[in-house]
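As a plain string of letters, each chain reads:
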Amino acid sequence: MILGFEPHNLVIFIVIALLICVTLCTLAMEASMLFTPAFLFLFPVLFAEFPKVTANEAIGLAITIEFFGYTSSVLGYWYRKQIDFRLAGKVLAYTVPLAIVGRIAAYFVPGEGLLLLFSLVLIGLAIVIFRAYQGEFRHTCLLCGDSLVAMHYEADNPHMPGDSGDAEPPPEAAPVAAPGSGIIRAAFDAMDRFIVCIAGAFAGIVGVGIGEISNTFLTVRKRVPVKVSTGTSALVLHITILAALGANLAILWSDLPMFDAKGIEIPWLIAFICAPVVIVGGQIGAYINSKITDRTLIRALMIAYVVIGVFVLARVTA
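Residues numbered from 1 in each chain as written. Predicted model: local features only at pLDDT ≥ 70, side-chain atom pairs only at ≥ 80, totals over all residues. Heavy atoms only, no water.

**Student:** How should the environment of Gly 204 be read in this particular structure?
**Tutor:** In this structure, Gly 204 sits in helix α6 (residues 190–206). C-alpha separation for the pair Gly 204 and Thr 95, spaced 109 residues apart in sequence, amounts to 9.2 Å. Apart from the residues within four sequence positions on either side, Gly 204 is in contact with Ala 99, Gly 102, Arg 103, Ala 106 and Ala 244. (Helix = DSSP H or I, 4+ residues; strand = E, 2+ residues; numbered from the N terminus. Contact = heavy atoms within 4.5 Å.)

Right, here's the structure in full:
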């Protein structure tokens, strides 16, 4: 046995974990998006050695792993100039406190309720993105209530017209700026604050939503190029989940009767095995993201949300 696994099972587990991490980091999704269902439904079937975990334990483990993967991924996006730090800071001012509150609230929700919310959030996000990006990439977003013009990231001209075929920038677009120097429509209104608060709360409760919602929010509401949006969302996701992780650890170590934390046991050995795997996967994911088209990213996001959301919903309601 090596780290609790048979040698061949350990190799298979590492390969699957790497593939999951590359997919997550390429699309700027939370680790919980794929790792939570894998910890609950996939790995226990594939490996007899894998510990049985509850929904809250699986989410807590996914959040822990996510810290390592997105530390690596964010560095990759930063190196490729795909992050707007100014806008990220504005989003984080709302998502961080809501993620902490959400993680606390998750301890008062039954496991099946968490999984049901998890699946419904993913299916809802697929609908939002379909409404925002269907057809000519210029449609009204169901969540954001605004129109989208797809943009492509360029080193010297990040707000160039994209797949929509426009000869000129959209009427509300700001003057072209160098990467990181400013963002179109950077001011936040009441709807903006509501959206990012919902994203932060979802991140804390079920470990998903912040990357997906912030990515859609930045492209639709703020007209940020998709690749810049993906990198910025990765940073927002990383710091927000770090806040949720800190709250989760504080709850586990507090021994407060109201949380019943004694019944929650995070399998730290699994986190130890996955940490170096997701660090490598984060770099691979950031590199792949820089090479694929915006349309491919969007279609992959929609497919992933629907497949995972329906799968978890079917398991919960079976």
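**Student:** For this particular structure, what's the right way to read the packing of aromatic side chains?
**Tutor:** To describe a pair of aromatic rings, you give the distance between the ring centres and the angle between the ring planes. Overall, the coordinates contain 14 aromatic pairs when judged by the stated rule. Seen in terms of ring centroids, Phe 39 and Phe 50 are 5.9 Å apart; in terms of plane orientation they differ by 15°. Their pairing is stacked. You can see Phe 39 sitting in helix α2 (residues 31–46) and its partner Phe 50 sitting in the loop between α2 and α3 (55–79), a full eleven residues away along the chain. Phe 50 carries the same exposure label as Phe 39, and that label is buried. Three or more aromatic residues joined by ring pairs form one cluster here, namely Phe 5, Phe 13, Phe 35, Phe 39, Phe 43, Phe 47 and Phe 50. (Phe/Tyr/Trp six-rings, centres within 6.5 Å; stacked < 30°, edge-to-face > 60°. Buried < 20%, exposed > 50% of the residue type's maximum accessible area, 1.4 Å probe, protein only.)

**Student:** Just to check I follow, could you spell out unusual backbone geometry for this structure?
**Tutor:** Leaving glycine aside, a negative phi is the common case for residues, and trans is the common case for peptide bonds. Of note in this structure, Leu 3 is not a glycine but carries a positive phi near 55°. The topology assignment puts Leu 3 in the segment before α1 (7–26). In the Ramachandran plot, Arg 223 falls in the positive-phi region, its phi being about 55° despite a non-glycine side chain. Along the chain, Arg 223 falls in the loop between α7 (210–220) and α8 (226–254).

**Student:** I'm lost on helix α4 (residues 85–106) in this one. Help?
**Tutor:** Three- or four-residue spacings in an α-helix give side chains the same orientation, since the helix completes a turn every 3.6 residues. An ideal rise of 1.5 Å per residue puts 32 Å on 22 residues; α4 measures up with 29 Å between its terminal C-alpha atoms. Among all positions in α4, only Leu 87, Ala 88, Val 91, Leu 92, Thr 95, Ala 99, Gly 102, Arg 103 and Ala 106 are buried. Looking at where α4 begins, the residue whose side-chain oxygen comes 3.2 Å from the main-chain nitrogen of Arg 86 is Asp 84. (Expected span 1.5 Å × (residues − 1). Polar contact = N/O pair within 3.5 Å; in protein donor to acceptor, adjacent residues only side chain to side chain.)

**Student:** Is there a simple way to think about the nonpolar core in this case?
**Tutor:** Nonpolar side chains tend toward joint burial in soluble globular proteins. Core analysis: the biggest nonpolar cluster contains 93 residues, and Phe 13, Met 33, Phe 35, Phe 39, Phe 43 and Tyr 305 have the highest contact counts within it. Per element, the largest residue contribution to this core is twelve residues, and it comes from α8. When sequence neighbours within four positions are dropped, the list of residues in contact with Phe 35 reads Ala 17, Ile 20, Cys 21, Leu 24, Ala 62, Ile 65 and Val 278. (Core = buried A, V, L, I, M, F, W, Y, C linked by side-chain atoms within 4.5 Å.)

**Student:** Looking at this model, I keep getting lost on the side chain of Asn 56. Mind explaining?
**Tutor:** Relative to the helices and strands, Asn 56 is located in helix α3. When its relative accessible area of 10% is taken as the criterion, Asn 56 is described as buried. Beyond its immediate stretch of four places on either side in the chain, Asn 56 contacts Arg 103, Ala 106, Tyr 107, Leu 114 and Ile 264.

**Student:** Looking at this structure, how should I read the packing of α2 against helix α10 (residues 294–317)?
**Tutor:** Any two packed helices are characterised by how steeply their axes cross, that is the angle between the axes, and by the distance between the axes. Closest axis-to-axis distance for the α2/α10 pair is 11 Å, and the angle between their directions is 30°. The angle between the axes of α2 and α10 places the two elements in the roughly parallel class. Crossing of α2 against α10: the hand is left-handed. Here Met 33, Leu 34, Pro 37 and Phe 41 of α2 lie close against α10, whose contacting residues are Ala 304, Tyr 305, Ile 308, Phe 311, Val 312 and Arg 315. A breakdown of the residues in the contact of α2 with α10 according to their chemical character gives nine nonpolar, no polar and one charged. (Axes fitted to C-alpha atoms, helices over the stretch in contact; angles between N-to-C directions. Parallel < 35°, antiparallel > 145°, perpendicular 65-115°, else oblique. Left-handed = near helix turned anticlockwise from the far one by under 90°. Nonpolar A, V, L, I, M, F, W, Y, C, P; charged D, E, K, R; others polar.)

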